[in-house]
Amino acid sequence: MDRKTPELRPAINEYFKDPSPSSNLFDNISSHAATDSKREEPAVCRIFQQIETKKTDIFDIIKPLEDSHNNSPSFDFREPTFSNTGNNSVDPMDIFNHEYELSSIPAEDERRRFAWIPSVKTKNTLEKASQMNHTLPRDMLTMPGVENVNFTVKLYENLVSYLGETEAAAFKSKTIDEVPQDEQGLKLLIEESNFSEALNLTTRLLAMYGQGPGQVGYPSKHTKTSLQLWFTRFALLVKICAWKIISKEALAWDDLDRPDLYIQWYKELYGNKYGTLVPFSFRLILAELPQYVISSTNVYSKLFEVLVGVKKIISNLDNGLTEDGRNVELTIQDRNTSKLLWYSREARVIHSIINCAVNQKDFKLAIKLLKDLIETPRLKYTIEHSRSLLSAMGRIYLQVGDLKAHGYFLKSSRLKPQSLGTLGENKADYRELIDAALLAIAQNNYKEAYKHFENAYIMDSNKVMALNNMATCLFYEGQLNNAITLLEDAIQKFPDLALNESLLSNICCFYQFQNSASNKQRLLKYHIISKYKNSVPDIIN
Amino acid sequence: MTSIEVKEVVEHPIKLRVMRLGKPVMFNSKIVTCDSKDLPGAALNAHLKKDVTTLADAETLAAGSFLMVPNVLENLYLGETFLCYIYLKNESSQTVYDIILKAEIDTATSHIPILGPKAFSKLDPYASIDVIVKHEVKEHGSVNKLICQVEYDRKHSFETIFSYRVPKPLDLKTKFYNTVTDEVYLEVQVQNIMSTPISLEKFILESSIGYDVNSMNHLLESSEDKSIFGDMDILDVKETRQYMYRLSLDKTAEKNPTRTNNLGKLDILWRSNMGTKGQIQSSPLVRQIPELDDITFSITYLPDMVFCEEQFDFTCSIKNNRNRDMQLVVEVSDEEDSNLAWTMISGIQLRLLPPYATIKTVFSMVALNHGLQVISGIKLKELILNRTYSYNNFGHVFVTQNVS
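Per an unreviewed UniProt entry, chain B carries the name Trafficking protein particle complex subunit 13 and comes from Acyrthosiphon pisum. The UniProt entry for chain B carries the following comment under Sequence similarities (unreviewed entry): "Belongs to the TRAPPC13 family."

In the nomenclature of an unreviewed UniProt entry, chain A corresponds to Trafficking protein particle complex subunit 12 from the organism Acyrthosiphon pisum.

Okay, here's the thing in structure tokens:
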């Protein structure tokens, strides 16, 4: 079953053969799934991850140090055992370079991460009082509660009925009752992509805080842990596109600015500390929501509010104050680390605004913001990140049909590191091939695009995307059957990566058009597996 | 799937399916990240990293390159290309012989054959014939149809009809301003009435023979033709742009070109999603020819600024618009409150002006006061038909003090 390279252009009659029996397919899937367990450490999207101390990754500067493990108040941070960055060499995936000496004192780290500036009204309340000596009126309380929804989908039984016990076993992930009923268990479920069960566990755990089903509108207690649970729940709801539920649950949180969400409100618990209980990523998710809710009037306002907050913090740091504007001495290392963190958060928020703008087809705004990120970076980007930004710019231009995209793709090419080895002096790299292919499609040259994607496929990068895009090109060239074969190939070779909403949407479209009975069977299986695997929204209908 | 129209014709062993193709779109998953100290740890970021739709090294930007055949198609607009997948499949276990496939576009006014008739000697069981047809849409309206006809086995035939609407992409409004010197200013408003933002790749006025075009849509003080609309050629949904052109009679052309009322036409090329191209030409831009006076009197040279109490000259051109000779006498007279005074003899007789000829005359004045002053007080007396033409308030000069 292990073909070396895909038969990219087989003789035409090969495509007219009866499709390979599905048992083969699933043998292949299960064997692949077995090897999947030795996952690699996610090296990328370091936004808000952490790294080894003195290295140069802005998105990772919040890494806990060895000795900080036990101090981490809420979560016992488990060092990933599959780490492949054991050596201290610079991780090529780092997005920013910097020359600062960084701080690694856990207490400082907490302050930096949870710093936030309360609104004037909230600030007044917080200065005058705390939980010890004051009771907030109801309208100043944050009183969330989860919607009464059970996310359990009995898909595993379906899977067994389609695949049989043995093959289905490879896909079996833990159920809610097979994991510890705490954050660790929740983490396990998320790592297995069992989002439905993970959501159910958040329901259970939040009920213990008096924020379970039916408890919205009743006063309850907030802690860092409860906020982390809420963040996790929202992140998962976004992943499964449960917009109705999430927008209902979001109402109680309002602007995340009520006094009971600030650390200084709980003097008896946190002593003389300042900051918010709300994880920054939670703030961002809530700000991103309006674009997914049809009734929204201004999809940007919350995002820009967050951006303004971040900018205020940066300006406080620049002016020798703490993040939230208090006049307290910080060490240079501490201040620099904080700046890095908040610059990275600023970039992250701007990314979100750009995504929102693209989603709204507001290309002018997206282009302006991205141009600003490219031309006036707050920190030094790695070459790869710079190239990605330029590629992104080109792609946004292409979406509005502007062939000036080409200029950005060229700029990205020029940044290519000069060939390190002997070969490939003028050979296009993966990124160049993809960009060239997209441009060819814009010019209706699907043949050329196919060639570029094919060359990209040979390189060891996102092969599923290359295959999918090759299939798409074939389809536009009138080769429906070949397109289908390629996509089936992709599923066979990379079941774990390929069985997702996007690729299924394509294969679904092709199958429908081809309209043969065997396809429907296979499509159903793909759906069940991928749905079980990823909780993707139902697109079969 | 709105893009698929399937006409099942049950009794035929071969079936025809038709799908209009729009450009592929780039799909992006929802992006969720967190600090690695947050509860989900590295899991969310790992999911994002692994996701095949993201852009490596900038995963938090939704700018991946995962292509998807669009589920919902954009409208097809006038000027764009109709692209269609025709899929003919033998769904029986019998070989079908002598297949003839034909496709044509049927609009309100015309039938345009776009495929065939194409003959295939046979179609094996479960095999297919795949054809992509293209057609540039030159007519808007709601009654456009793609009609595909299939004949097989020399006796059977059926047809599939795929209808589609073709709305107008752009709304064009024009306004003309005629000047006495026979120039025309043209104002064009173009509005994007499509459902998607576009980029205007080309927007030019192609003038008719006899007219010179001066595009007034670039910044004057820029070295390289910088558009007044900025760097981006993007025209958002419902956004309007206003272009301005000055058309003058081509001076190199024959002396007295027949005045045409067709100024030219607009040539517009745009692109939208992933380079979807559209191109239209406007119908001829026709202006109302203004009724010409007997004489066209216009300034050809006048200093912007003159010094107080110093004489200055200006030049006017006088054109005979009639098919007869004119014998003109120039009279100048000082207006009562005028701050300008004539410093020339009144009553000069010009040489005989033949039909359609032009003569240039120099006038001299002196400024008596500072500020912006109006020139008035010229009369042309035509001796043959004994008519008088008066010209007042036809020019301005700015008068300043000579400090040197």
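Engineer: Residue-level account of a nonpolar patch on the surface, with values.
Structural biologist: Nonpolar side chains collect at one region of the surface, where Met305, Leu372 and Phe398 of chain B lie side by side and expose about 320 Å² of accessible area between them. Residue placement: Met305 of chain B occurs in strand E21 (residues 305–307).

Engineer: Residues and numbers for unusual backbone geometry, please.
Structural biologist: With the exception of glycine, the majority of residues adopt a negative phi angle, and the majority of peptide bonds are in the trans configuration. Phi angles above zero are rare outside glycine, and Asp254 of chain A is one such case at about 50 degrees. If you trace the backbone, Asp254 of chain A turns up in the loop between helix H8 (243–251) and helix H9 (267–270). A residue is classified by how much of its surface remains accessible, and Asp254 of chain A, at 36% relative accessible area, is partly exposed. Phi at Asp153 of chain B is positive, roughly 50 degrees, even though this residue is not glycine. Mapping Asp153 of chain B onto the fold places it in the loop between strand E9 (141–152) and strand E10 (156–166). Given the relative accessible area of 28%, Asp153 of chain B is considered partly exposed.

Engineer: Kindly report on the pattern of salt bridges, identifying the contributing residues and their values.
Structural biologist: For the structure shown, the criterion picks out 45 salt bridges over all chains. Linking Asp236 of chain B and Lys364 of chain A is a salt bridge whose minimum nitrogen-to-oxygen distance equals 3.9 Å. Here Lys364 of chain A lies in helix H13 (residues 363–375) and Asp236 of chain B lies in the loop between strand E15 (234–235) and strand E16 (240–249), a pairing that spans two chains. Residue Asp236 of chain B is classed as buried on the basis of its relative accessible area of 18%. Three or more residues joined by partner-sharing salt bridges are found here, namely Glu108, Asp109, Arg111, Arg112, Glu323 and Asp334 of chain A together with Lys37 of chain B.

Engineer: Kindly report on the state of the cysteines, identifying the contributing residues and their values.
Structural biologist: In total, this model carries zero disulfides over all chains according to the counting rule given. There is no disulfide at Cys148 of chain B, and the cysteine sulfur nearest it, in Cys84 of chain B, is 6.6 Å away.

Engineer: Give a detailed account of the sheet that holds strand E29 (residues 387–391) of chain B, specifying residues and quantitative values.
Structural biologist: Residues and elements named next belong to chain B. The four strands are arranged E25-E23-E28-E29 in an open sheet whose pairing can be described as antiparallel. Single-partner strands in this sheet number two, and they are strand E25 (348–349) and E29. Two strands pair when backbone bridges link them, and strand E28 (residues 378–382) and E29 are joined in this way by five bridges, in the antiparallel orientation. Bridging across to E29, Lys379 finds its partner in Ser390.

Thresholds, definitions, all that
- Residues numbered from 1 in each chain as written.
- Chains lettered and ligands numbered in written order.
- Predicted model: local features only at pLDDT ≥ 70, side-chain atom pairs only at ≥ 80, totals over all residues.
- Heavy atoms only, no water.
- UniProt positions renumbered as here; feature names shortened; annotations may be inferred.
- Patch = residues over 30% accessible without salt bridge, like charges linked within 9 Å, V, L, I, M, F, W, Y side chains within 5 Å.
- Areas by Shrake-Rupley, 256 points an atom, 1.4 Å probe, with all protein chains shown as cover.
- Salt bridge = Lys/Arg side-chain N within 4 Å of Asp/Glu carboxyl O.
- Helix = DSSP H or I, 4+ residues; strand = E, 2+ residues; numbered from the N terminus.
- Buried < 20%, exposed > 50% of the residue type's maximum accessible area, 1.4 Å probe, protein only.
- Disulfide = S-S within 2.5 Å.
- Pairing = 2+ DSSP bridges.

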